[in-house]
Amino acid sequence: MAQHPLDDPAVNPFEIATKAAEQLAERTGVDQHDVALTLGSGWAKAAELIGETVADFPASEIVGFGEPAVEGHIGSIRSIRAENGTRALVLGARTHYYEGHGVRRVVHGVRTAAAAGASTMILTNGAGGIKSAWRPGQPVLISDHLNLTADSPIEGATFVDLTDLYSKRLRDVARSIDPELDEGVYVQFRGPHYETPAEVQMAKTLGGHIVGMSTALEAIAARQSGMEVLGMSLITNLAAGIQTTPLSHAEVIQAGREAEPVISALLAKVVGAL
Ligand code: HPA
């Protein structure tokens, strides 16, 4: 198998992202996108509701994007024109950190979106809820994160400020669409195993409210590239030990399916309000 271009340490990942953005412009006929979205479990239908799809093709046609490894994550890239003229780039193929291919591949979509001109990055996921008042099927905003991967997408001594990583302004835009949206601190674990109840209690003690296996590393990369970040989680289950029944991927997928029409419509409206 040919070596993945991002696996060569001598290769500058931003150069691959620039090349990917050039291929995107060619493939979509759109020189500049405004907003990019990564659609996690339960959020995929938003792509159909944001506006008119002007291009839709397998992500694998663009340099640096692999095939998606997880059921429930679509492996396509779409360019969409919203009614208000906003150009949205939907990245269906998220590479997870737990796949073990390194952080460069995890954040390649974000870096490509930035190179394609997007100034806003919307990161969505399906996640476990720690707040006992939350219910499966409920969307929540991410207000901050705890990165428990012990890794970073930033290579070398670049010191990026993360004080307001998850934009208050964008959270307010989302709340202007749905005033009921609660928010919480997202905790990224490596996965792919779910957390133990003790780890969930640790996350809670540390100030976490949402547990998952994505998003934090992508948000850091987005900020490094100067983007404004909106993070949204679909609570697919209560976290291990908070709910008394065992966790399963099937349960996560099922909760995503059930919530999909409602949360996808919400997300599409948020994009329309940007
Ligand atoms: N933990 C981690 N990731 C998840 C969960 C969870 O409980 N639910 C969906 N993704």
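Cut-off values and rules
- Residues numbered from 1 in each chain as written.
- Predicted model: local features only at pLDDT ≥ 70, side-chain atom pairs only at ≥ 80, totals over all residues.
- Heavy atoms only, no water.
- UniProt positions renumbered as here; feature names shortened; annotations may be inferred.
- Helix = DSSP H or I, 4+ residues; strand = E, 2+ residues; numbered from the N terminus.
- Buried < 20%, exposed > 50% of the residue type's maximum accessible area, 1.4 Å probe, protein only.
- Core = buried A, V, L, I, M, F, W, Y, C linked by side-chain atoms within 4.5 Å.
- Patch = residues over 30% accessible without salt bridge, like charges linked within 9 Å, V, L, I, M, F, W, Y side chains within 5 Å.
- Areas by Shrake-Rupley, 256 points an atom, 1.4 Å probe, with all protein chains shown as cover.
- Salt bridge = Lys/Arg side-chain N within 4 Å of Asp/Glu carboxyl O.
- Axes fitted to C-alpha atoms, helices over the stretch in contact; angles between N-to-C directions.
- Parallel < 35°, antiparallel > 145°, perpendicular 65-115°, else oblique.
- Left-handed = near helix turned anticlockwise from the far one by under 90°.
- Contact = heavy atoms within 4.5 Å.
- Nonpolar A, V, L, I, M, F, W, Y, C, P; charged D, E, K, R; others polar.
- Near = heavy atom within 4 Å.
- Polar contact = N/O pair within 3.5 Å; in protein donor to acceptor, adjacent residues only side chain to side chain.

As annotated in an unreviewed UniProt entry, the protein chain is Purine nucleoside phosphorylase from Ruicaihuangia caeni. UniProt, in the comment section headed Sequence similarities (unreviewed entry), describes the protein chain in these words: "Belongs to the PNP/MTAP phosphorylase family."

Caption draft 1: Broad picture of unusual backbone geometry. Here the amide bond leading from Gly191 into Pro192 is cis, since omega sits at 0°, within 30 degrees of zero. Summarising the element assignment, Pro192 is placed in the loop between strand E7 (183–188) and helix H5 (197–205). One non-glycine residue, Ala150, lies in positive phi territory at about 60°. Residue class for Ala150 comes out exposed when judged on its relative accessible area of 81%. In this structure, Thr215 is a non-glycine residue whose phi angle is positive, near 75°. Mapped onto the secondary structure, Thr215 falls in the loop between strand E8 (210–212) and helix H6 (216–224). Classification of Thr215 as buried rests on a relative accessible area of 0%.

Caption draft 2: Region of interest: the nonpolar core. If you look at the biggest cluster of nonpolar residues, it comprises 45 residues, and the most contacted ones within it are Ile77, Leu89, Ala113, Met121, Ile210 and Met227. Listing elements by their share of this core, those giving two or more residues are helix H1 (13–28), strand E2 (51–58), strand E4 (87–91), helix H3 (103–115), strand E5 (120–129), strand E6 (138–147), H6 and strand E9 (228–238). Per element, the largest residue contribution to this core is six residues, and it comes from H3.

Caption draft 3: A look at a nonpolar patch on the surface. On the surface, a nonpolar cluster with roughly 240 Å² of combined accessible area is contributed by Leu148, Met202 and Leu206. Topologically, Leu148 is positioned in the loop between E6 and helix H4 (168–177).

Caption draft 4: Summary view of the packing of H4 against helix H7 (residues 249–273). Running from N to C, H4 and H7 cross one another at 120°; their axes reach a closest spacing of 9 Å. Between H4 and H7, the angle is such that the two are oblique. Considering only the axes of H4 and H7, their crossing is right-handed. Touching Val173, Ala174 and Ile177 of H4 are Leu266, Lys269, Val270 and Ala273, all from H7. Its residues assigned to classes, the contact of H4 with H7 comprises six nonpolar, no polar and one charged.

Caption draft 5: Just the site of the ligand, in detail. Around the ligand sit Gly126, Ala127, Gly128, Tyr194, Glu195, Val211, Gly212, Met213, Thr236, Asn237, Leu247 and Val252, and that is every residue in its neighbourhood. Taking Gly126, its main chain carries an N or O atom lying 3.3 Å from a nitrogen atom of the ligand. Taken by itself the ligand offers 260 Å² of open surface, and the protein chains cover 95% of this. Looking at the shell around the ligand, the elements with two or more residues in it are E5, E8 and E9. Per-element accounting of the shell around the ligand gives the leading share, three residues, to E5.

Caption draft 6: Main features of the environment of Ser41. Along the polypeptide, Ser41 turns up in the loop between strand E1 (35–38) and helix H2 (46–49). Sequence-wise, Ser41 and Glu260 are 219 residues apart; in three dimensions their C-alpha atoms are separated by 8.7 Å.

Caption draft 7: Structural detail: the UniProt feature "binding site: a purine D-ribonucleoside" (unreviewed entry) in the protein chain. Using the residue numbers shown here, the UniProt feature "binding site: a purine D-ribonucleoside" (unreviewed entry) corresponds to Glu195 and Asn237. Look at the named residues: they lie 43 residues apart in sequence, but the longest C-alpha span between them is just 12.4 Å, so in the fold they bunch up. Within the fold, Asn237 resides in strand E9. The exposure class of Asn237 is buried, given its relative accessible area of 3%.

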